[in-house]
Amino acid sequence: MRNYDLDGIIIIIHEKRLQNKPSKGRRQWEFLKKFDGKKVSAFIESAKLETKNNPAETFQESNWWEREIDWNIEKGNITIKSTE
C-alpha cells in the first residue's frame, strides 16, 4: 500500500476500464465509487466489513481495498486529496 493520508478524500477522475462481465474487480470498483468525496479510512473500514459479510467469491482475497486504491491511483482513475 502506498503511503497516503487515511483522512484524505477519494476523488474519482475516470471510469475504470472493465470487461463487460461480472467479476471481483468490477464489484470492487463499484464499491470504491460509492466513496467518491469521502475519506480513504471510511472506504477501508467499509470494505473490510463488506468483505466479512459477503461470500468469499465476491471480492479478491486479503487486503483488496489497498490494491484497489493503489491500482486506480496508478491508472489515473482516482486521486486522493489531502485534507491538510
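None of the values given here were measured: they were computed from a predicted structure.

## Describing the confidence of the model for the chain
Detailed reading of the predicted coordinates is not advisable wherever pLDDT is low. Model confidence for the chain is summarised by a mean pLDDT of 89, while 94% of its residues fall at 70 or above. Averaged pLDDT values for the elements of the chain fall to 91 in helix α1 (residues 24–33) and rise to 97 in strand β1 (residues 9–12).

## Notes on the nonpolar core
By size, the foremost hydrophobic cluster in this structure holds 16 residues, and its most contacted members are I10, V40, F43, W64 and I69. If you list the elements that add at least two residues to this core, you get α1, α2 (40–52), α3 (64–74) and β2 (78–81). No other element matches α2, which puts 4 residues into this core. Not counting residues within four places of it along the chain, the set of residues in contact with W64 comprises Q28, F31, F43, A47, T51 and F59.

## Brief notes about the pattern of salt bridges
Throughout the structure, instances matching the rule amount to 4 salt bridges. Via salt bridges that share partners, E15, E30 and K33 belong to a single interconnected network.

## Quick word on α2
With 13 residues, α2 extends 18 Å from end C-alpha to end C-alpha; this agrees with the ideal 18 Å at 1.5 Å per step. All buried positions along α2 are accounted for by V40, S41, F43, I44 and A47. All buried residues of α2 lie within an arc of 160° about the axis, which places them on one face of the element. Opposite its buried face, α2 presents the exposed residues E45, L49 and K52, each directed more than 90 degrees away. Looking at the buried residues of α2, the elements they touch are β1, α1, α3 and β2.

## Topic: the packing of aromatic side chains
Inspection of every chain in the model, using the stated rule, returns 8 aromatic pairs. Ring centres of F31 and F59 lie 6.2 Å apart, and the angle between their planes is 70°; on these two criteria the pair is classed as edge-to-face. In this pair, F31 is assigned in helix α1 and F59 in the loop between α2 and α3, connecting sequence segments 28 residues apart. Relative accessible area serves as the criterion here: at 7%, F31 is assigned to the buried category. Both rings, one in F31 and one in W64, keep their centres 6.1 Å apart while their planes meet at 75°; by these two values the pair is edge-to-face. With F31 in helix α1 and W64 in helix α3, this residue pair connects regions lying 33 residues apart in the sequence. Within the aromatic cluster, the residues linked to one another by ring pairs are F31, F35, F43, F59, W64 and W65. The ring of W71 has K16 lying over it, and the distance from NZ or CZ to the ring centre is 4.8 Å.

About the criteria used
- Residues numbered from 1 in each chain as written.
- Predicted model: local features only at pLDDT ≥ 70, side-chain atom pairs only at ≥ 80, totals over all residues.
- Heavy atoms only, no water.
- pLDDT = per-residue confidence, 0-100.
- Helix = DSSP H or I, 4+ residues; strand = E, 2+ residues; numbered from the N terminus.
- Core = buried A, V, L, I, M, F, W, Y, C linked by side-chain atoms within 4.5 Å.
- Buried < 20%, exposed > 50% of the residue type's maximum accessible area, 1.4 Å probe, protein only.
- Contact = heavy atoms within 4.5 Å.
- Salt bridge = Lys/Arg side-chain N within 4 Å of Asp/Glu carboxyl O.
- Expected span 1.5 Å × (residues − 1).
- Arc of directions from axis to C-beta.
- Phe/Tyr/Trp six-rings, centres within 6.5 Å; stacked < 30°, edge-to-face > 60°.
- Lys NZ or Arg CZ within 6 Å of the ring centre and 35° of its normal.

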